[in-house]
Amino acid sequence: MNQRTSVRGRPSGTDGSDFSYRMVVDSRYTKVAKAKSRLAKLIFAQVVTQLMIAANVFISLSKKESPDRVFISSFAIGFVSVVAGELGRKKSRSNFLKFYVFGSSMAILLSVAHLATSNLQLEAFQNFTSLETLKIAAVLLGFVVQLFAIGTTVSLVKNMAPPKRAS
């Protein structure tokens, strides 16, 4: 037992001459890691837009206005899908990621459709302190982020799948 001594420096066999025998990481694993990192940033941006929508709902409730049911339902769908997306990203669950893309897309499309059919006034664009401006900013930011999130998530799910074997 006394013959074991701690070796200082580099252990034998790791001087770099064995590089040709080392395993190479498949490129799809690095693509998955980069896509997960990008998706984390996009999910954070979606959380910001969800908070903007929630602030809009709470401000309208504090002014004793009738709650905007479309924005409340958009917030609820978006919140659930963002949670599913974060779980899918962390645990590499493609089903959660697919639900995330579908749910968050439906939430933002619901908001866009509601804004398109509502009577937007030119004053909302000129007066940046109005509640309508917060709605418009949240929906437009959410729409742009959603476009990037769809592309990133589709790429992530595609790279997470095992490679197809050639017959």
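Residues numbered from 1 in each chain as written. Predicted model: local features only at pLDDT ≥ 70, side-chain atom pairs only at ≥ 80, totals over all residues. Heavy atoms only, no water.

A closer look at the overall build of the protein
Helices and strands together make up the secondary structure of the protein, namely five helices and zero strands. For the protein, the succession of helices and strands along the chain, N to C, is α-α-α-α-α. Within the protein, buried positions represent 32% of all 167 residues. A fraction of 74% describes how many contacts in the protein between residues 6 or more apart in sequence connect residues 24 or more apart. With an accessible surface of roughly 11,800 Å², the protein has 64% of that area assigned to carbon and sulfur atoms. (Helix = DSSP H or I, 4+ residues; strand = E, 2+ residues; numbered from the N terminus. Buried < 20%, exposed > 50% of the residue type's maximum accessible area, 1.4 Å probe, protein only. Contact = heavy atoms within 4.5 Å. Areas by Shrake-Rupley, 256 points an atom, 1.4 Å probe, with all protein chains shown as cover.)

Side note on the nonpolar core
Where a protein is soluble and globular, its nonpolar side chains tend to be buried together. Residues Leu 39, Ile 43, Leu 97, Tyr 100, Leu 156 and Met 160 are the most contacted members of the largest nonpolar core, which totals 15 residues. Of all the secondary-structure elements, those providing two or more residues to this core are helix 1 (27–62), helix 3 (94–117) and helix 5 (131–160). Sort the elements by how many residues they give to this core and helix 1 lands first, with six residues. The contacts of Leu 156, once residues within four sequence positions are left out, are Val 32, Ala 35, Lys 36, Leu 39 and Leu 97. The next biggest cluster of nonpolar side chains, apart from the first, holds eight residues, and it includes Met 52, Val 57, Phe 71 and Ala 138. (Core = buried A, V, L, I, M, F, W, Y, C linked by side-chain atoms within 4.5 Å.)

Remarks on the packing of helix 2 (residues 69–91) against helix 3
At a minimum axis separation of 8 Å, helix 2 and helix 3 run at an interaxial angle of 160°. The angle between helix 2 and helix 3 falls in the class roughly antiparallel. In this structure, the crossing between helix 2 and helix 3 has a hand that is left-handed. Among the residues making up the contact of helix 2 with helix 3, the classes are represented as 14 nonpolar, 10 polar and one charged. (Axes fitted to C-alpha atoms, helices over the stretch in contact; angles between N-to-C directions. Parallel < 35°, antiparallel > 145°, perpendicular 65-115°, else oblique. Left-handed = near helix turned anticlockwise from the far one by under 90°. Nonpolar A, V, L, I, M, F, W, Y, C, P; charged D, E, K, R; others polar.)

A short note on the UniProt feature "transmembrane region" (unreviewed entry) in the protein
The sites that carry the UniProt feature "transmembrane region" (unreviewed entry) are, in the present numbering, residues 39–58, 70–87, 99–116 and 136–157. Secondary structure across residues 39–58 comprises 100% helix and 0% strand; the distance between its end C-alpha atoms is 28 Å. (UniProt positions renumbered as here; feature names shortened; annotations may be inferred.)

Quick notes on unusual backbone geometry
Working note: non-glycine residues mostly have negative phi, and peptide bonds are mostly trans. At Ser 92, a position not held by glycine, the phi torsion is positive, near 55°. Assignment of secondary structure puts Ser 92 in the loop between helix 2 and helix 3. Of the residues examined, Ser 92 reaches a relative accessible area of 34% and is grouped as partly exposed.

Here's the deal with empty space enclosed by the protein
Here the structure, examined in full by the defined rule, presents one cavity of 30 Å³ or more. Quantified by volume, the largest cavity comes out at close to 100 Å³. Forming the boundary of the largest cavity are Gln 46, Thr 49, Gln 50, Ile 53, Ser 74, Gly 78, Val 82, Ser 104, Ala 107, Ile 108, Gly 142 and Gln 146. It is helix 1 that provides the largest number of residues to the lining of the largest cavity, a total of four residues. Split by residue class, the lining of the largest cavity holds four nonpolar, eight polar and no charged. (1 Å grid on protein atoms, 1.4 Å probe; cavity = no way out; pocket = protein on both sides within 12 Å on 5 of 7 lines; lining within 4 Å. Points joined across faces, edges and corners; volume = space filled by probe spheres on them.)

Some details on the environment of Val 144
Within the secondary structure, Val 144 sits in helix 5. By relative accessible area, which is 43% here, Val 144 ends up partly exposed. Separated by 36 residues in the primary sequence, Val 144 and Ile 108 place their C-alpha atoms 9.8 Å from one another.

So, helix 1
The end-to-end C-alpha separation of helix 1 is 52 Å, in line with the 52 Å expected for 36 residues at 1.5 Å each. Positive phi shows up at Lys 64, right after helix 1, with a value of about 65°. (Expected span 1.5 Å × (residues − 1).)

What about a nonpolar patch on the surface?
On the surface, Ile 77, Phe 102, Met 106, Leu 109, Leu 110, Phe 143, Val 144, Leu 147 and Phe 148 cluster together into a nonpolar patch covering about 820 Å² of accessible area. On the secondary structure map, Phe 102 appears in helix 3. (Patch = residues over 30% accessible without salt bridge, like charges linked within 9 Å, V, L, I, M, F, W, Y side chains within 5 Å. Salt bridge = Lys/Arg side-chain N within 4 Å of Asp/Glu carboxyl O.)

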